[in-house]
Amino acid sequence: MASSGAPTMKPQAAPGTRVAIVASSWHTEVMDGLLAGAQRALAEAAAETTGMEVSVFRAPGSFELPLLARAAAERFDTVVALGVVIRGGTPHFDYVCRAATDGLAKVAAETGTPVGFGLLTCDDDEQARNRAGLPGSREDKGHEAASAALAALAALTEIRTA
């Protein structure tokens, strides 16, 4: 797991920021951890501002994340996409990971709306749990994805008003 060299980001948001979290429904334990981490990051940011709105939408799976992210990008200031795909014995893993990753990047590029990338692509359940922000996890990718989404929104706002 590559956690060395990661930036330290303090979640920040402007007053009135509208955030959509789109979260997969597969792998409940891992998804619960990712969602809790994202909500914690957004709560930390909301503590320093007023009027942040956070809405959570559930996708059937990670493959559907780009579709929901695209719809959310049209109505919200930023999107946090959360999902997990665990490698199995077929190429399904590769297809779902590629489609979800490329789709989320396309949503951000085409809409100009920041998309926090919280899609875990793991070899096994243990690796996923270690990244999900659960008790005993080494990483909290849900928190990181939400923090990154807010940081990207702040940078984008700075660029647009320069």
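Use the structure listed above.
This section reports on the structure supplied with the text. As the structure is a computational prediction, the values presented were derived from the model and not from experiment. In this convention, every chain numbers its residues from 1, walking through the sequence in written order. Residues qualify for local features only when their pLDDT is at least 70, as the model is predicted, and side-chain atom pairs are given and counted only at 80 or more; totals for whole chains, interfaces and linings, by contrast, use all residues. Values reported for side chains reflect all heavy atoms of the structure, with hydrogen atoms and water molecules removed beforehand.

### Things to note about a negative patch on the surface
In plain terms, the rule: Patches here are clusters of residues that have more than 30% relative accessible area and form no salt bridge, with a 9 Å joining cutoff for like charges and a 5 Å cutoff for nonpolar side chains (Val, Leu, Ile, Met, Phe, Trp, Tyr). Using the Shrake-Rupley algorithm and a 1.4 Å probe, accessible areas are obtained, with residue cover drawn only from the displayed protein chains. Here a salt bridge means any side-chain nitrogen of Lys or Arg lying within 4 Å of a carboxyl oxygen belonging to Asp or Glu. By the counting scheme adopted, Arg and Lys are positive, Glu and Asp are negative, and His together with the chain ends is not counted. Charge positions are represented by NZ for Lys, CZ for Arg, CG for Asp and CD for Glu. Here a helix means four or more residues in a row that DSSP labels H or I, a strand means two or more in a row labelled E, and each is numbered from the N terminus.
On the surface, a cluster of negative charge is made up of Glu29, Asp32, Asp124, Asp125 and Glu126. Among the elements of the structure, α1 (28-46) and α4 (125-131) are those that each provide at least two residues to the negative patch. Relative to the assigned elements, Glu29 resides in helix α1.

### Here's the deal with the packing of α1 against helix α5 (residues 141-160)
Worth spelling out the cut-off: The angle between two axes is taken between their N-to-C directions and runs from 0 to 180 degrees, where each axis is a line fitted to C-alpha atoms and a helix contributes only its stretch in contact. Convention used here: angles under 35 degrees read as roughly parallel, angles over 145 as roughly antiparallel, angles from 65 to 115 as roughly perpendicular, and any remaining angle as oblique. Put simply, a crossing is left-handed when the front helix is turned counterclockwise from the back one by less than a right angle, and right-handed when it is turned clockwise. Contacts are assigned to residue pairs with any non-hydrogen atoms lying within 4.5 Å of each other.
Close contact between α1 and α5 brings their axes to 6 Å; oriented N to C, the two are set at 40°. Taken together, the axis directions place α1 and α5 in an arrangement best described as oblique. Crossing geometry of α1 relative to α5 is assigned as right-handed. Together, Leu34, Gly37, Ala38, Arg40, Ala41, Leu42, Glu44 and Ala45 of α1 and Lys141, Gly142, His143, Ala146, Ser147 and Leu150 of α5 make up the contact between the two elements.

### What about the packing of aromatic side chains?
Our working definition: To pair, rings of Phe, Tyr and Trp, with the six-membered ring standing in for Trp, must have centres within 6.5 Å; the planes then decide the type, stacked if under 30 degrees apart, edge-to-face if over 60, and tilted in the middle. Exposed residues in this analysis have more than 50% of their type's maximum accessible area, buried residues have under 20%, and partly exposed residues fall in between, with area computed by a 1.4 Å probe over protein chains only.
As enumerated under the stated definition, the model contains one aromatic pair in all. Between Phe57 and Phe76, the aromatic rings sit 5.9 Å apart at their centres with planes inclined by 70°, giving edge-to-face as the arrangement. Here Phe76 lies in the loop between α2 (65-73) and β3 (78-86) and Phe57 lies in strand β2 (residues 53-59), a separation of 19 residues in the sequence. Classification of Phe57 by relative accessible area gives partly exposed; the value is 34%. The buried category is assigned to Phe76, whose relative accessible area is 7%.

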